[in-house]
Amino acid sequence: EAQVTQNPRYLITVTGKKLTVTCSQNMNHEYMSWYRQDPGLGLRQIYYSMNVEVTDKGDVPEGYKVSRKEKRNFPLILESPSPNQTSLYFCASSPTGTVNTEAFFGQGTRLTVV
Amino acid sequence: AQTVTQSQPEMSVQEAETVTLSCTYDTSESNYYLFWYKQPPSRQMILVIRQEAYKQQNATENRFSVNFQKAAKSFSLKISDSQLGDTAMYFCALWPGTYKYIFGTGTRLKVLA
């Protein structure tokens, strides 16, 4: 089954404790991206990757890091989480980043930073 | 600037009735795509319908259809014969070919029995 898998689905952590949210897709997609969803703001892009070893900032990259060492994986790293990073996070993938067909979204990760 | 505006934070509709969700957008790109995504309480983002800007014909998927007015930059979603399972948050999204979606703030739709 074609899918994007995020883990964990729920996470409560403390300020400053490094964490990683994993994202994996099994569709051989070149393009992957991370979004955060906040009430009244919709979804905003954090980072994206056009292919292996090619990443770039989205609209709200501060406080986040990403890497794309393999085509299927695109982890989101919070080196020193803060309460304002409490949010719902989505990973998404598409065949390419230019001609758009459809984005496949992961199940979402609800992160709470206390 | 590229923007998507959903001016209806919440709506409700009676089961079996028809409801229209509004969306306006702004982009300077000539080749772009528009989407409606549904987010039920499970949080999963589900593609409802997709429209390519260069196609004049309005997209339709079963009970879901759009009214795409390119000159007015309007992209509304019509849900016919509303069902309880349509209760969800609906996001309008623009793909302007710049490696990201631009999402609206969402419309929370409640279908009443």
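Just above sits the structure.
Fair warning: this is a prediction, and the values are worked out from it, not measured in the lab.

Definitions and cut-offs
Residues numbered from 1 in each chain as written. Chains lettered and ligands numbered in written order. Predicted model: local features only at pLDDT ≥ 70, side-chain atom pairs only at ≥ 80, totals over all residues. Heavy atoms only, no water. Disulfide = S-S within 2.5 Å. Helix = DSSP H or I, 4+ residues; strand = E, 2+ residues; numbered from the N terminus. Buried < 20%, exposed > 50% of the residue type's maximum accessible area, 1.4 Å probe, protein only. Polar contact = N/O pair within 3.5 Å; in protein donor to acceptor, adjacent residues only side chain to side chain. Contact = heavy atoms within 4.5 Å. Pairing = 2+ DSSP bridges. Patch = residues over 30% accessible without salt bridge, like charges linked within 9 Å, V, L, I, M, F, W, Y side chains within 5 Å. Areas by Shrake-Rupley, 256 points an atom, 1.4 Å probe, with all protein chains shown as cover. Salt bridge = Lys/Arg side-chain N within 4 Å of Asp/Glu carboxyl O. Core = buried A, V, L, I, M, F, W, Y, C linked by side-chain atoms within 4.5 Å. Phe/Tyr/Trp six-rings, centres within 6.5 Å; stacked < 30°, edge-to-face > 60°.

1. Side note on the state of the cysteines
All chains considered together, the criterion is met by two disulfides over all chains. Two residues share a disulfide in this structure: A:C23 and A:C91, whose sulfurs sit 1.9 Å from each other. Between A:C23 and A:C91 the sulfur-sulfur dihedral comes to about -70°; the bridge is accordingly left-handed. Of the two residues, A:C23 sits in strand β3 (residues 19-25) while A:C91 sits in strand β9 (residues 87-94), which places them 68 residues apart along the sequence. In this model B:C23 forms its disulfide with B:C92; the gap between the sulfur atoms is 2.0 Å. Every disulfide takes its handedness from the sign of the S-S torsion; for B:C23 and B:C92 that torsion is -70°, giving left-handed. One end of the pair, B:C23, is in the loop between β3 (19-21) and β4 (24-26); the other, B:C92, is in strand β10 (residues 88-95), with 69 residues separating them in the sequence. Judged by its relative accessible area of 1%, B:C23 is buried.

2. Some thoughts on the side chain of B:Q51
All names here are of chain B. Turning to its location among the elements, Q51 is positioned in strand β6 (residues 46-52). A distance of 3.0 Å separates a polar side-chain atom of Q51 from the backbone oxygen of Q57. At 2.9 Å, the side chain of Q51 forms a polar contact with the backbone nitrogen of A59. Every residue in contact with Q51, bar those within four places of it in the chain, is listed here: Y32, Y33, L34, Q57, N58, A59, V66, F68 and F75.

3. Some points on the sheet that holds strand β8 (residues 76-78) of chain A
All names here are of chain A. Judged by pairing direction, the sheet is antiparallel, and its four strands sit side by side in the order β1-β3-β8-β7 without closing on themselves. On the outer flanks of this sheet lie β1 (4-7) and β7 (65-66), each paired with one strand and no other. Here β1 runs beside β3; their pairing, made up of four bridges, is antiparallel. Counted as the bridge partner of V4 is Q25 from β3.

4. Examining a nonpolar patch on the surface
Nonpolar side chains collect at one region of the surface, where A:I12, A:V14 and A:V114 lie side by side and expose about 310 Å² of accessible area between them. Locating A:V114 in the fold gives a position in the segment after β11 (109-113).

5. Thoughts on the nonpolar core
All names here are of chain B. Within the largest apolar cluster, 26 residues are counted, with the highest numbers of intra-cluster contacts made by Y25, W36, F75, L77 and Y90. Among the secondary structure elements, those contributing two or more residues to this core are β3, β5 (33-39), β6, β8 (64-69), β9 (74-79), β10 and β12 (107-112). When residues of this core are assigned to their parent elements, the largest contribution, four residues, is made by β10. Residue contacts for Y25: discarding those within four places in its chain leaves T3, V4, Y32, L34, F68, Q69, K70, K73, S74, F75 and L94.

6. Remarks on the packing of aromatic side chains
Under the definition given, this model contains 19 aromatic pairs over all chains. Aromatic side chains A:Y64 and A:Y89 sit 5.9 Å apart centroid to centroid with 65° between the ring planes, which places their arrangement in the edge-to-face category. Linking A:Y64 in the loop between β6 (54-57) and β7 with A:Y89 in strand β9, this pair joins segments that are 25 residues apart in sequence. Both residues of the pair, A:Y64 and A:Y89, count as buried. Ring pairing ties together the aromatic residues A:Y31, A:Y35, A:Y48, A:F90, A:F105, B:F35, B:Y37, B:F91, B:W95, B:Y101 and B:F103, which thus form one cluster.

7. A word on the pattern of salt bridges
Residues and elements named next belong to chain A. All chains considered together, the criterion is met by eight salt bridges over all chains. The salt bridge partner of R36 is D38, with a shortest N-O separation of 2.8 Å. Comparing R36 with D38, the two get one shared label, buried. One connected set of salt bridges, linked through shared partners, spans R36, D38 and R44.

8. Section: the pairing of β6(B)
Residue and element names in this part refer to chain B. In this sheet, β6 lies alongside β5 in antiparallel orientation, the contact comprising six bridges. Across the sheet, F35 pairs through a bridge with R50, a residue of β6. Hairpin connection from β5 to β6: six residues lie between these consecutive antiparallel strands, with R43 at a positive phi of about 80°.

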